[in-house]
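# Coordinate inspection notes
Spelled out, the chains give:
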Amino acid sequence: MLLKHTTKEVRERTALTVNPAKTCQPVGAMYAALGVHGCLPHSHGSQGCCSYHRSALTRHYKEPVMAATSSFTEGSSVFGGQANLLQAIETIFAVYEPEIIAVHSTCLSETIGDDLGQIVNKARDEGKVPAGRHVIQASTPSYVGSHVTGYANMLEGIVKYFAEKTDEKIRQINLLSGWVEPSDMRELKRILKIMKVKSVLLPDTSDVLDTPMTGKFEMYPKGGTTIPEMVSMGDSMQSLGLGEWATQKAAITLDNQCKVPFDIIDIPVGLKATDRFIQALAKAGRVSIPEKITEERGRLLDVITDMHQYLYGKRVAIYGDPDNIIPMIEFLVDLDMKPVYIVSGTPGKKFEKRMEAILSERVPEAKYKNGPQADMYLMHQWIKENPVDLLIGNTYGKYIARDENIPFVRMGFPIVDRIGHSYFPTIGYMGAMRILEKILSALMDKQDAACLEEKFELVM
Amino acid sequence: MPNRKDFTNGLPDPIALREEILKKYPAKIAKKRIKGIVINDPNLEQEIMANVRTIPGIITQRGCTYAGCKGVVLGPTRDIINLVHGPIGCSFYAWLTRRNQTRVPEGGDNYINYCFSTDMQDENIVFGGEAKLKDAVREAFEMFKPKAIGIFSTCPVGLIGDDVHSVARDMKAELGINIFGFSCEGYRGVSQSAGHHIANNGVFKHVVGLNDRERVGKFQVNLLGEYNIGGDAFEIEALFEEAGITLLSTFSGNSTIKSMEYSHTADLNMVMCHRSINYIAEMMEEKYGIPWVKVSFVGAESTCKSLRKIADYFGDAGLKAKVEEIIVREMAKVEAVKSSIKPRVEGKLAMMFVGGSRAHHYQDLFGELGIRTVSAGYEFAHRDDYEGRKVIPTIKIDADTRNIEELSVSKDETHFRPDLVEKKAELVSQGFEFKDYDGMMPEMLKNSLVIDDVNHWETEKLIEFYKPDVFCAGIKEKYVVQKAGVPLKQLHSYDYGGPYTAFDGAINFYVEMERMLATNIWKMIDAPWKNESELVGSMTIEY
């Protein structure tokens, strides 16, 4: 057994987290900043933070992930990190020549009270920021929230710095994306094109973290939201935030700063969340929904009805980030599956309300928890008490899946042992079909491997 | 895809390359960096600047002190709960990301697959986290009943004044198991190296010597600085077992805390990764009189040399004969594979920038295949790892090094082994070398470029200049280098392959190099129509 010390007796914990279903803010800030064109993320803290975040993102994407660090030592930790950040800004512009440096803090620089805004201003005053280049910042203390919070804070930092309101409105919408894959961002753009809704997508990691092999390394790949696009966001007709945890702060900032009204909806995972997304797009863009979209929806429904018998009543355990798993859980319920165990390390009171709304009638037996000690260890204990038919979550679930012999579908961050997530979307109707395909394959592979010989089926 | 260069008549002087690299830096940085980039001449005594701060803003390979302490030295030990005191990230990122394989006997403990954290929140930062840490230790004890708990400090811990050592003492008294803390905050040193030293100190203070064990073998040894990446330690263990050498403890691949507790009853310490573990070897010699020798099991030749060195140390005719028998048998297998692969890869060029010993050891493996190392350097080593231990007395102790406690170690009168001291003196008089590490530079080619703490800009320039056939580094560098059309072999994780130690490991590595160097895939990067002129056809669809 890989997790041989996990027992089914749940002991109330108040201090110890075991096998977390979250990580810390700065990695989210780094990921969001990579979705900006010509931007080098910068970690204001110890070298280890930057190294760990780059490694985590690299393992997930199998792509270069460039970022710099303030390389704190004991001295900077005692006397403050100002000198390190000033030096870093100078070094980065001289050696790596980005258009933008996106600085995020760490638990170290936050604990000692470094004021990023003040230091960045000092860098500007001292002429360390060349003309036409930019330094933006986000406060991302690791001891608050989770990686999703860091993503949200960097998104807010980006729009705060760049979005400008002029006298002329632009007939476009701002699409603020929650934490999804480059493939999903590409899919969002495809859907927008079909819908004929002009928009600015922020961030956009497609063509950054899924670049082709060319034999030439590009430090700043062609993808990412550009400066003119980000500036124009202040003149957009409306903002649409996909995922409350990740995008609400940026949407509110755009409203406060540039009077761009906003709607927050779920990331379009599964049937209903995609329905709402398409309707919201149509409303925001004042367009009717093209037949092509309705056909995609129809194909999804066709697959669901065809394969319903394999899904009905199956018990599922799922863990991940609220923005991603809320619509996913709703989709599972629509498939007549039973998401019975749910954990998310990311805090937020709204989570419980959403779970209650989605689950209370259809899956009253469901157990869910988010925030402190809502970890994979707890979920595993629940599974030991009463098994499930399917496990959904990031790569760390494979230890539980093997020990308990549960079919396992990888979704979320990080996925470090399989490819596909960068290239094949899981959002929209087409993405929902891919999710279905993965779920069905996992369930059927187990049936094929484990059923009695006389029960072995050719056609399924 | 770069065109390969022909360096058959020796390596070119890379002075122009160095100039070009430095030209990009602001003057102050250039002045510092030049001391870390040495054009090697094995006939000269050259000095390299190492173990100094990375310039802020530079995209470095390096990690932090916590990573070195938690991840490297105690991470591979299976029966201890390694509890990380800090915000969640530090524990999360160190969760199963190093490939420390371990074989758990029936009924044995194994916490390696778990991640433990106090998940500090803002109120813990404001009001202190000691109470939460104590509760977390209690909860871990009640839930798992471990034999030992190690507490690892992350950056905020030292800053807010949490005393992990006093918490450890209190909890040890309350719970009655071994509990100890490490002040390994990420900022403590200039790289992971500081964390290795802190871990060495902690393990020596709190674990080594806790239990005696009756002698179980004629030749009792410890293996230090072998972390069982990809099963490396399993290969070495098997060799020792066959030779009749009793391996008491490994620091720390495939290890248990229990085995470390009686490791002071060994007759010899063998040091693999000099950088990360020489401190314990030195302290054990002072306290217990156990001498240490440098060994390497990376490469078939190095393995032969190391086995013979152990046999010579014990001076036992039976052991010597057994070792020779193993060498003859295994080398026949090694030669058979090597002779089929070497002609396909000979003359290729390699570069390696990794760790504190691997960038040196792996040059041996490449050498066996006739692959030349044109440039190499360490991520977190010190001058002695480049230039040899002879320079240790001349290394300047700077403020960053002074941060780390130097334990004062004295003789343990009960356990001290005067017989080993005598044995050592006698062997020394016969020319046998102890503490024998000459570093990487004397073994490298003339005009090879030795670079400490290589960074991204330098990596790009190196690839452009040398057009290597294979580049060895870590995960952060992997896809950067590969996007430039050069295959990269990770020498931290082995790209999830291995083992690469001892004889079977060498064979694995040869085969891996054949895979990487003989493939045609890199030649297919350009589309066949790359150079065709653009046509606009009459059947173009108009949207």
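### Overview of the overall build of chain A
- Across its full length, chain A carries 17 helices and 14 strands.
- Rg of the C-alpha trace for chain A: 23 Å, near the compact-globule value of 23 Å for 460 residues, within the 12% margin.
- Within chain A, buried positions represent 60% of all 460 residues.
- When contacts within chain A are restricted to residue pairs at least 6 apart in sequence, those whose partners lie at least 24 apart make up 74%.

### Things to note about the interface of chain A and chain B
- Every contact between the two is made by 62 residues of chain A and, on the other side, 68 residues of chain B.
- Going through the elements one at a time, β1 (17-18), α2 (47-61), α3 (74-79), α4 (82-95) and α5 (107-111) of chain A are the ones with two or more residues in the side of chain A that touches chain B.
- The residue inventory of the side of chain A that touches chain B, partitioned by class, reads 28 nonpolar, 23 polar and 11 charged.

### Looking at helix α8 (residues 182-195) of chain A
Residue and element names in this part refer to chain A.
- Between its terminal C-alpha atoms α8 stretches 20 Å, which fits the 20 Å expected from 14 residues at 1.5 Å a residue.
- Burial in α8 covers these residues: Pro182, Ser183, Asp184, Met185, Glu187, Leu188, Ile191 and Met195.
- Buried residues along α8 sit against β6 (170-176), β7 (199-202), α11 (270-285), α12 (291-311) and α17 (428-450).
- Lys196 sits one or two positions beyond α8 and adopts a positive phi of about 60°.

### Regarding α17(A)
Residue and element names in this part refer to chain A.
- Taking 1.5 Å as the rise per residue, α17 with 23 residues should run 33 Å; its terminal C-alpha atoms sit 33 Å apart, in good agreement.
- Taken together, the buried positions of α17 are occupied by Gly428, Tyr429, Gly431, Ala432, Ile435, Leu436, Ile439, Ala442 and Leu443.
- Taken together, the buried residues of α17 touch α8, α11, α12, α13 (322-334), β13 (390-393) and β14 (408-410).

### What about the sheet that holds strand β11 (residues 338-344) of chain A?
All names here are of chain A.
- Spatially, 5 strands are ordered β12-β11-β10-β13-β14 in an open sheet, and the strand pairing comes out parallel. In this open sheet, the two strands that pair with only one neighbour each are β12 (367-370) and β14. Across the sheet, the mean angle separating the axes of adjacent strands is 15° when strand polarity is ignored.
- Pairing geometry for β11 and β12, over 4 bridges, is parallel.

### A short note on the sheet that holds β7(A)
All names here are of chain A.
- In space, the 4 strands of this open sheet follow the order β7-β6-β8-β9, with parallel pairing throughout. Of all the strands in the sheet, the pair left with one neighbour each is β7 and β9 (262-265). This sheet shows a mean twist of 20° between the axes of neighbouring strands, independent of strand direction.
- Note: β6 against strand β8 (residues 236-242), 5 bridges, orientation parallel. Counted as the bridge partner of Asn174 is Ser239 from β8.
- With respect to the sheet, helix α10 (residues 244-258) is in contact with β6, β8 and β9, its orientation differing from that of β9 by roughly 180°.

### Concerning the domain arrangement of chain B
Residue and element names in this part refer to chain B.
- Structurally, chain B comprises domain 1 (65-188) and domain 2 (219-344 + 387-429).
- On a C-alpha basis, the centres of domain 1 and domain 2 stand 28 Å from each other.
- Residue-level contacts link 16 residues of domain 1 with 14 residues of domain 2.
- Here the side of domain 1 that touches domain 2 gets 3 residues from one element, more than from any other, and that element is helix α3 (residues 65-74).
- Partitioning the side of domain 1 that touches domain 2 into residue classes produces 6 nonpolar, 4 polar and 6 charged.

### Details of the nonpolar core
- Grouped together as the largest cluster of nonpolar side chains are 295 residues, with contacts concentrated most on Tyr151(A), Leu155(A), Leu390(A), Ile280(B), Met351(B), Met352(B) and Cys472(B).
- Among the elements that take part in this core, helix α7 (residues 147-162) of chain A stands out by supplying 8 residues, more than any other.
- Each residue touching Tyr151(A), except ones within four places of it in the same chain, is listed here: Gly28(A), Ala29(A), Tyr31(A), Ala32(A), Trp179(A) and Ala246(A).
- By size, the runner-up hydrophobic cluster in this structure holds 8 residues, among which are Phe72(A), Cys107(A), Cys155(B) and Tyr187(B).

### What to know about unusual backbone geometry
- Of note, the bond from Leu202(A) into Pro203(A) is cis; its omega dihedral lies within 30 degrees of zero at -15°.
- Mapped onto the elements, Pro203(A) comes out in the loop between β7 and α9 (227-232).
- The linkage connecting Phe251(B) with the following residue, Ser252(B), adopts the cis geometry, with an omega of 5°.
- At Asp207(A), a residue that is not glycine, the phi angle is positive and equals roughly 65°.
- Its 16 C-beta neighbours within 10 Å are what place Asp207(A) among the partly exposed residues.
- The backbone of Asp336(A) shows a phi angle near 65°, a positive value even though the residue is not glycine.
- Note on placement: Asp336(A) falls in the loop between α13 and β11.

### Some words on the confidence of the model for chain B
- Overall, the prediction assigns chain B a mean pLDDT of 96, with 99% of residues at 70 or greater.
- Under the prediction, the complex receives an ipTM of 0.98, its pTM being 0.98.

### Remarks on the pairing of strand β4 (residues 100-105) of chain A
Residue and element names in this part refer to chain A.
- With 6 of its 6 residues buried, β4 lies for the most part within the structure.
- Here β4 shows a buried face lined by Ile100, Ala102 and His104 and a second buried face lined by Ile101, Val103 and Ser105.
- Of the pairings in the sheet, the one linking strand β2 (residues 39-44) to β4 comprises 6 bridges and is parallel in character. For Ser43, the partnering residue across the bridge sits in β4 and is His104.

### With respect to the packing of helix α1 (residues 15-23) of chain B against helix α19 (residues 456-466) of chain B
Residues and elements named next belong to chain B.
- Axis separation between α1 and α19 bottoms out at 10 Å; the angle between their running directions is 150°. In terms of orientation, α1 and α19 fall into the roughly antiparallel class. Regarding α1 and α19, the two cross each other, and that crossing is right-handed. Across the interface between the two elements, Leu17, Glu20 and Ile21 of α1 pack against Glu458, Lys461 and Phe465 of α19.
- Among the residues forming the contact of α1 with α19, the class breakdown is 3 nonpolar, no polar and 3 charged.

### Considering the packing of helix α10 (residues 232-243) of chain B against helix α14 (residues 317-345) of chain B
Residues and elements named next belong to chain B.
- Between α10 and α14, the least distance of the axes is 9 Å, while the angle of their chain directions is 130°. The orientation of α10 with respect to α14, classified from their angle, is oblique. For the pair α10 and α14, contact is made by Leu239, Glu242 and Ala243 and by Leu319, Lys322, Val323 and Ile326, respectively.
- For the contact of α10 with α14, the class distribution of residues is 5 nonpolar, no polar and 2 charged.

Thresholds, definitions, all that
Residues numbered from 1 in each chain as written. Chains lettered and ligands numbered in written order. Predicted model: local features only at pLDDT ≥ 70, side-chain atom pairs only at ≥ 80, totals over all residues. Helix = DSSP H or I, 4+ residues; strand = E, 2+ residues; numbered from the N terminus. Rg over C-alpha atoms; globule rule 2.2 N^0.38 Å. Buried ≥ 20, exposed ≤ 12 C-beta atoms within 10 Å, placed from the backbone. Contact = placed C-beta atoms within 7 Å. Nonpolar A, V, L, I, M, F, W, Y, C, P; charged D, E, K, R; others polar. Expected span 1.5 Å × (residues − 1). Pairing = 2+ DSSP bridges. Axes fitted to C-alpha atoms, helices over the stretch in contact; angles between N-to-C directions. Domains from an automatic or database assignment. Core = buried A, V, L, I, M, F, W, Y, C linked by C-beta atoms within 7 Å. pLDDT = per-residue confidence, 0-100. Parallel < 35°, antiparallel > 145°, perpendicular 65-115°, else oblique. Left-handed = near helix turned anticlockwise from the far one by under 90°.

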